[in-house]
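This is what each chain is made of:
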Amino acid sequence: MPRTTAKYDVKRELKACYAPRNTDWELVDVPELRYLATEGSGDPNTSPAYRQAVEALYAVAYTLKFASKNELGRDFVVGPLEGLWWADDMDDFLARRKENWRWRLLINVPDWITAGLIDGARDSALSKKGLPAVRGVRSETLHEGTSAQVLHIGSYDDETPILTRLHHDYLPAHRLREAGLHHEIYLSDPRRTEPAALRTVLRQPVEPLPGADPADDGGPAPEHLSHGRRSAATGSE
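Calculation criteria
Residues numbered from 1 in each chain as written. Predicted model: local features only at pLDDT ≥ 70, side-chain atom pairs only at ≥ 80, totals over all residues. Heavy atoms only, no water. Helix = DSSP H or I, 4+ residues; strand = E, 2+ residues; numbered from the N terminus. Buried < 20%, exposed > 50% of the residue type's maximum accessible area, 1.4 Å probe, protein only. Contact = heavy atoms within 4.5 Å. Areas by Shrake-Rupley, 256 points an atom, 1.4 Å probe, with all protein chains shown as cover. Expected span 1.5 Å × (residues − 1). Core = buried A, V, L, I, M, F, W, Y, C linked by side-chain atoms within 4.5 Å. Phe/Tyr/Trp six-rings, centres within 6.5 Å; stacked < 30°, edge-to-face > 60°. Pairing = 2+ DSSP bridges. Salt bridge = Lys/Arg side-chain N within 4 Å of Asp/Glu carboxyl O.

**Some details on the overall build of the protein chain**
- Each helix and strand counted, the protein chain has six helices and 10 strands in total.
- Classification of the 237 residues of the protein chain by burial places 47% in the buried group.
- Residue pairs at least 24 apart in sequence account for 77% of intrachain contacts in the protein chain once pairs closer than 6 positions are excluded.
- For the protein chain, the exposed area adds up to about 11800 Å²; of that, 49% sits on carbon and sulfur atoms.

**Quick look at helix α5 (residues 115-129)**
- For α5, spanning 15 residues, the distance from its first C-alpha to its last is 21 Å, which sits close to the expected 21 Å at 1.5 Å a residue.
- Looking at the packing, one finds that the buried side of α5 touches β2 (33-41), α3 (48-72) and β5 (138-142).
- Of the residues one or two after α5, Gly 130 is the one with positive phi, at around 65 degrees.

**Quick word on the nonpolar core**
- Of all hydrophobic cores here, the largest spans 60 residues; its most connected members are Tyr 18, Trp 25, Leu 36, Leu 64, Leu 105, Ile 113 and Tyr 170.
- With nine residues, α3 is the largest single contributor of residues to this core.
- In contact with Leu 105, not counting residues within four places along its chain, are Leu 36, Ala 37, Thr 38, Tyr 50, Ala 53, Val 54, Leu 57, Leu 81, Glu 82 and Gly 83.

**A look at unusual backbone geometry**
- With a phi angle near 55 degrees, Arg 175 is a residue other than glycine that sits in the positive phi range.
- Its place among the elements puts Arg 175 in the loop between α6 (160-173) and β7 (176-178).

**Considering the packing of aromatic side chains**
- Per the counting criterion, the structure on display carries six aromatic pairs.
- Relative to Trp 112, the ring of Tyr 8 lies with its centre 6.1 Å away and its plane at 80 degrees, an arrangement referred to as edge-to-face. Taken as a pair, Tyr 8 in the segment before α1 (10-13) and Trp 112 in the loop between β4 (102-109) and α5 lie far apart in primary sequence, 104 residues in all.
- Judged by its relative accessible area of 15%, Trp 112 is buried.
- Between Tyr 50 and Trp 103, the aromatic rings sit 5.2 Å apart at their centres with planes inclined by 90 degrees, giving edge-to-face as the arrangement. Separated by 53 residues along the polypeptide, Tyr 50 in helix α3 and Trp 103 in strand β4 bring together distant segments of the chain.

**A few points about the pairing of strand β3 (residues 82-86)**
- For β3, a buried count of five out of five residues is recorded, marking the element as mostly surrounded by other parts of the structure.
- Burial along β3 is two-sided: the residues Glu 82, Leu 84 and Trp 86 and Gly 83 and Trp 85 are all buried.
- Two strands pair when backbone bridges link them, and β3 and β4 are joined in this way by five bridges, in the antiparallel orientation. Bridge assignment links Trp 86 to a residue of β4, and that residue is Arg 102.

**With respect to the pairing of strand β6 (residues 145-153)**
- Counting buried residues in β6 gives seven out of nine residues, a clear majority hidden from the surface.
- Here strand β1 (residues 26-30) runs beside β6; their pairing, made up of five bridges, is antiparallel. Bridged to Leu 27 within β6 is Ala 148.
- Across seven bridges, β6 lies against strand β9 (residues 199-208) in antiparallel orientation. Bridge assignment links Ile 153 to a residue of β9, and that residue is Arg 199.

**Some points on the pattern of salt bridges**
- A complete count under the given rule lists 18 salt bridges for this structure.
- A salt bridge links Asp 157 to Lys 98; the nearest nitrogen and oxygen atoms lie 2.7 Å apart. Within this pair, whereas Asp 157 is found in the loop between β6 and α6, its partner Lys 98 is found in the loop between α4 (90-94) and β4, the two being separated by 59 residues in sequence.
- The exposure class of Asp 157 is partly exposed, given its relative accessible area of 43%.
- Given the relative accessible area of 10%, Lys 98 is considered buried.
- The salt bridge partner of Asp 119 is Arg 122, with a shortest N-O separation of 3.1 Å. One end of the pair is Asp 119 and the other is Arg 122, both in helix α5 and three residues apart, which spans about a single turn.
- The class of Asp 119 is partly exposed, set by a relative accessible area of 35%.
- For Arg 122, a relative accessible area of 19% corresponds to the buried category.

**As for α3**
- The first and last C-alpha atoms of α3 sit 35 Å apart over 25 residues, in line with the 36 Å expected at 1.5 Å per residue.
- Where α3 ends, the next residue or the one after it, Gly 73, has phi of about 70 degrees, a positive value.

Keep in mind that these numbers describe shape and distance, not what the molecule does.
What follows is the structure in structure tokens.
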């Protein structure tokens with residue numbers, strides 16, 4: 001078996017993106033990242049498809065972790081659950097009409113994980129676990145780039161005020177617009193954490209309005225963005 005090197009942990013390697021401390025909106029530069037992904041629709045609190053998707057995603061993630069360790073000698077910490085969320089009518093999203101929501105669930109994997117390894121882990125997990133939803137797990141690469149991001153502490157259902165502030169105050173004030181799907185990263189386990197203590201990273205990819213420069217309206221210039229990737233030489237952000 002190949003010798004195992006230090007574990008990759010996305011929360012350590014990309015602190016600005018996965019361990020932020022700001023509780024009001026700030027801009028961050030999110031690098032291109034690779035994920036396990038699966039998607040569906042419906043209320044995450046009541047939809048069997050959502051529960052099955054989460055179960056399938058973790059089944060493949062842990063199968064992949066052990067395959068990488070045993071075959072490549074490279075281990076990683078399975079990352080937190082993430083979700084991209086949207087609705088055909090965004091009023092349904094902001095009003096929390098969850099039955100109309102659509103979602104794509106994600107778990108980050110290191111960049112050495114190939115599509116072939118993911119296919120093998122999916123087939124192995126399907127054989128061992130017998131979960132039909134495993135068939136829907138795939139590889140996805142996402143490059144969000146400049147994004148507005150905040151750490152929300154509290155119940156998922158209490159996100160509306162801070163999201164309203166993003167869309168009605170922060171983005172217009174900085175002459176920005178949405179450039180991707182609403183992204184959430186779940187740092188807490190809701191089975192073991194009181195709702196008021198849940199920690200969730202909220203992220204919205206953005207871009208300047210046509211003809212606008214965010215720095216002209218008090219937004220950070222590109223060199224002042226928080227960068228997700230740690231420096232290989234210094235370990236700094």
